[in-house]
Amino acid sequence: MNIGVLALQGSVAEHLKMITSVNKKIGAIPVRTIDDLASVDGLIIPGGESTTLRILMDQFDLYTPIRERVVAGMPVWGTCAGLILLANRIEGERSYFGLLDIDVKRNAYGRQIDSFVAEGDFAGMYIGMVFIRAPRITRVGDGVEVLAEYNGDPVAVRSGNVLATAFHPEMMSRDNRVHKYFCNMIENKA
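Please read all numbers here as calculations on a predicted model, not as lab measurements.

> It is not clear to me how the sheet that holds strand 3 (residues 42-45) should be interpreted in this structure. Could you clarify?
By definition, the strands of a sheet pair up through backbone hydrogen bonds, in either a parallel or an antiparallel sense. Judged by pairing direction, the sheet is mixed, and its 7 strands sit side by side in the order 2-1-3-4-12-11-10 without closing on themselves. Since the sheet does not close on itself, it has two edges, and those belong to strand 2 (27-31) and strand 10 (145-150), each with one partner. When strand polarity is set aside, the average angle formed by the axes of neighbouring strands in this sheet is 20°. Bridging between strand 3 and strand 4 (residues 76-79) involves 3 bridges; their strand directions are parallel. Pairing of Leu-43 across the sheet is with Val-76, part of strand 4.

The following block contains the structure:
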């Protein structure tokens, strides 16, 4: 199994490291080209800056191939900026992929200086959650499962092959359980 991390901007190295910590036999591949994308079974769209990621995906001609692969069933996981890119609706701007029936508000938990770590339940596991200029999910559509909450707001959701977290599990360097959850999504897809 090969898991790709969109390697245009953001927390790429951290995700690659976490994937290999789940199982050394899992390939962790930086994805920068259509050929890289063709070689993976699942894709992580990392945190970073969503506007920059949009521009770079367009420049590298990755929008259509990524969208087609996800619509065809490839598991995808968006963290922070990746969540924004997957959302159907983004307050004050147009959506990008529009593959997840949620509404989001960018930077709703504050600026960079307001970053914090919280703890909570994620799909039955008690984990740490790092929030860095995180988006807030303001609405969850039918068919979207809430996997984690913070102060009553959803911060991790899943709809079929699409997983999204408002927080950064890759920053919890000793806890790879959310990455393991994503690996299990890929292994169990039919």
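> Help me understand the nonpolar core in this model?
Looking at soluble globular proteins, one finds that nonpolar side chains tend to be buried together. Leu-6, Leu-43, Met-57, Ile-66, Ile-102 and Phe-122 are the most contacted members of the largest nonpolar core, which has 63 residues in total. Ranked by residue count, the leading element in this core is helix 6 (residues 177-188), at 6 residues. Ignoring anything within four residues of it in the chain, the contact list for Ile-102 reads Leu-83, Ala-87, Asn-88, Arg-89, Ile-137, Arg-139, Val-140, Val-144 and Val-157.

> How do you make sense of the packing of aromatic side chains when you look at a structure like this?
For the coordinates displayed, the defined rule picks out 7 aromatic pairs. Here Tyr-63 and Tyr-96 contribute two aromatic rings whose centre-to-centre distance is 4.9 Å and whose plane-to-plane angle is 70°, an arrangement assigned as edge-to-face. Separated by 33 residues along the polypeptide, Tyr-63 in helix 4 (residues 63-71) and Tyr-96 in the loop between strand 5 (87-90) and strand 6 (100-105) bring together distant segments of the chain. Among the residues examined, Tyr-96 registers a relative accessible area of 6% and is labelled buried. Seen in terms of ring centroids, Phe-131 and Phe-167 are 6.0 Å apart; in terms of plane orientation they differ by 55°. Their pairing is tilted. Placement of Phe-131 in strand 8 (residues 125-131) and of Phe-167 in the loop between strand 12 (162-165) and helix 6 is noted, with a sequence separation of 36 residues between them. Residue Phe-131 shares its accessibility class with Phe-167, and that shared class is buried.

> Is there a simple way to think about helix 3 (residues 50-59) in this case?
Side chains that are three or four residues apart share a direction in an α-helix, a result of its 3.6 residues per turn. The complete set of buried residues in helix 3 reads Ser-50, Leu-53, Arg-54, Leu-56 and Met-57. Contacts made by the buried residues of helix 3 are with strand 1 (2-6), helix 4, helix 5 (81-86) and strand 5. At the N-terminal end of helix 3, a side-chain oxygen is found 2.9 Å from the backbone nitrogen of Thr-51, two or three residues along, and the residue is Glu-49. Following helix 3 by one or two positions, Asp-61 has its phi on the positive side, about 55°.

> Help me out: how do you make sense of the sheet that holds strand 9 (residues 136-140) in this one?
Spatially, the 3 strands line up as an open sheet ordered 5-6-9, and their pairing is mixed. Strands at the two margins of the open sheet, each flanked by one partner only, are strand 5 and strand 9. Taken over all neighbouring pairs, the strand axes of this sheet differ in orientation by 35° on average, direction set aside. Pairing of strand 6 with strand 9, which is carried by 4 bridges, proceeds in the antiparallel orientation. The residue of strand 9 that forms the bridge with Asp-103 is Arg-139.

> Looking at this model, I keep getting lost on the side chain of Glu-49. Mind explaining?
For Glu-49, the position within the fold is in the loop between strand 3 and helix 3. Beyond its immediate stretch of four places on either side in the chain, Glu-49 contacts Gln-9, Ala-81, Arg-106 and Arg-133.

> Please explain the packing of helix 1 (residues 12-22) against helix 6 as it appears in this structure.
Two numbers describe a pair of packed helices, the interaxial angle and the distance between the axes. In the contact formed by helix 1 and helix 6, the axes pass within 9 Å of each other and the chain directions differ by 70°. Taken together, the axis directions place helix 1 and helix 6 in an arrangement best described as roughly perpendicular. Of the residues in helix 6, those touching helix 1 at His-15, Met-18, Ile-19 and Val-22 are His-179, Lys-180 and Cys-183. Here the contact of helix 1 with helix 6 is composed, by residue class, of 4 nonpolar, 2 polar and 1 charged.

What counts and how
Each chain has its residues counted from 1, running along the sequence as written. Predicted model: local features are reported for residues with pLDDT of at least 70 only, side-chain atom pairs are reported and counted for 80 or more only, and whole-chain, interface and lining totals are derived from all residues. For the side-chain quantities, the full set of heavy atoms in the structure was used; hydrogens and water were omitted. We treat two strands as partners when DSSP finds at least two bridges between them. Secondary structure is summarised from DSSP: a helix means a run of H or I of at least four residues, a strand means a run of E of at least two, and numbering begins at the N terminus for each. Only the stretch in contact is used when fitting a helix axis, every axis being a line fitted to C-alpha atoms; angles between N-to-C directions are given from 0 to 180 degrees. By convention a nonpolar core is built from buried Ala, Val, Leu, Ile, Met, Phe, Trp, Tyr and Cys residues, the set being connected through side-chain atoms within 4.5 Å. Throughout, exposure labels follow a simple rule: accessible area from a 1.4 Å probe, protein chains only, divided by the maximum for the residue type, with under 20% read as buried, over 50% as exposed, and the rest as partly exposed. In what follows, residue pairs with any heavy atoms lying within 4.5 Å of each other are defined as contacts. Pairing of aromatic rings covers Phe, Tyr and Trp, the last counted by its six-membered ring, and requires centre-to-centre distances within 6.5 Å; plane angles under 30 degrees mean stacked, over 60 mean edge-to-face, and any other angle means tilted. N or O atoms within 3.5 Å of each other form a polar contact, as long as, within protein, one can give a hydrogen and the other can take it, and as long as residues adjacent in sequence are counted only when both atoms are side-chain atoms. Roughly parallel here means an angle under 35 degrees, roughly antiparallel means over 145, roughly perpendicular means 65 to 115, and every remaining angle is called oblique. Classification used: nonpolar for Ala, Val, Leu, Ile, Met, Phe, Trp, Tyr, Cys and Pro, charged for Asp, Glu, Lys and Arg, polar for all others including Gly.

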